[in-house]
Amino acid sequence: MHPEAWRDSDLFRLLVLGVRDYAIFMLDPGGHVVSWNAGAERIKGYTSEEIIGQHFSAFYPPEDVQCGKPAWELRVALAEGAIEDEGWRVRKDGTRFWANVIITALHDDTGELRGFGKVTRDMTERRRAEQQLTDRRRLLARLVEAQEQERQRIAWDVHDDTIQAMVAVDMRLQLLARKLPDEFRGTVDQLDGAVRATIGRLRNLVSRVRPPGIERQGLRDSLAAYLADTSMVAEIRYGLEREPGGDAAVTVFRICQEALTNVRKHARASSTVLDLSTVDHGFLVRVGDDGVGLPDLDPSASHFGLIEMRERAETAGGWCTVTAREGGGTVVEFWLPDVRP
């Protein structure tokens, strides 16, 4: 071997042996361990003296050994050149860890199989973090669903019970006013006006709690109706290529509703724009205003609803940010994936 080639080969060997974050080792054609690096010892728990010469099936759970998975992976690596797998592996002390494994078939210049290279990475912490995130999103999804169902129940109860009772009172007051002498009619008319005003407020409450007809009239008209009900002036730039599905439409509406509530209560804005567009197979929405801006962009400032907006978006698999607008004002921007086929 040429001295330069020998030096490069030796340096590479030393590099592999010293790597600690990955288990990098060699197998002979039959699957027996023939080399062992520091990362393999740290991850799997065996010293080189303990494991060299042993069959690599020692790293697999008993159920995988019983079904022949180690031998199957070698056959696939030989047929296809390499195989990548994620699954449970076993340390020397019997504990399991979640591993990403790549097995590569190694041939010499004549094409003869000389063995296999195996690289293993411990992915246990990443998997645990992903599961925690998945569990959190699943919990949030259930909470949002329960919240929407409760909103709907309250809206129906108010509409079908309280409002109808108030309407009946209004009708009776009108009938009573026609029968009373003139000196009492003014008082009854005042009561009737108060009842009608209360009915109007209750109907606005129902509209805010559960936007009526969002499934029928669509997202754009529901947003326009909300703006009209709250007497807000805002421009809607609707550039969605297709209407969001039921859950996505409600989520978009709720985040926009919270953002617009913030504008109405805190921003003192003269101009507000809702911009909805289709981006990256999803729905990108920006709610921007030219107001005084948020005095505190800390997400813990729950009085601005930032936590709820962000969690609603993340529950749907998207994201949400709130930033100061250049030149003054605030921009709420969020994206939700379009999960429909």
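Coordinates for the structure precede this section.
Parameters at a glance
- Residues numbered from 1 in each chain as written.
- Predicted model: local features only at pLDDT ≥ 70, side-chain atom pairs only at ≥ 80, totals over all residues.
- Heavy atoms only, no water.
- Helix = DSSP H or I, 4+ residues; strand = E, 2+ residues; numbered from the N terminus.
- Buried < 20%, exposed > 50% of the residue type's maximum accessible area, 1.4 Å probe, protein only.
- Contact = heavy atoms within 4.5 Å.
- Phe/Tyr/Trp six-rings, centres within 6.5 Å; stacked < 30°, edge-to-face > 60°.
- Pairing = 2+ DSSP bridges.
- Axes fitted to C-alpha atoms, helices over the stretch in contact; angles between N-to-C directions.

Student: Sorry if this is basic, but what is going on with the side chain of Lys69 here?
Tutor: Tracing the backbone shows Lys69 in helix 5 (residues 69-80). On the basis of relative accessible area, Lys69 is assigned to the buried category, the value being 18%. Setting aside its immediate chain neighbours within four residues, Lys69 contacts Tyr60, Asp64, Asp85 and Arg89.

Student: What is the right way to look at the packing of aromatic side chains in this model?
Tutor: Scanning the model with the defined rule gives seven aromatic pairs in all. With a centroid separation of 5.6 Å and 70° between ring planes, the pair formed by Phe25 and Phe59 is classed as edge-to-face. Of this pair, Phe25 sits in strand 1 (residues 23-27) while Phe59 sits in the loop between helix 3 (48-51) and helix 4 (62-66), and the two are 34 residues apart along the sequence. Across the pair, exposure class does not vary: Phe25 and Phe59 are buried alike.

Student: Looking at this structure, how should I read the sheet that holds strand 3 (residues 96-107)?
Tutor: Within a sheet, each strand pairs with its neighbour through backbone hydrogen bonds, oriented either parallel or antiparallel. The sheet built from four strands is open, its strands ordered 1-4-3-2 with antiparallel pairing. Where the open sheet ends on each side, the last strands, each with one partner, are strand 1 and strand 2 (82-90). When strand polarity is set aside, the average angle formed by the axes of neighbouring strands in this sheet is 25°. Where strand 3 meets strand 4 (residues 113-122), nine bridges bridge the pair, whose relative direction is antiparallel. Its bridge partner being in strand 4, Ala105 is matched across the sheet by Phe116. Contacts from helix 5 reach strand 1, strand 2, strand 3 and strand 4, with the element oriented near 165° to strand 2.

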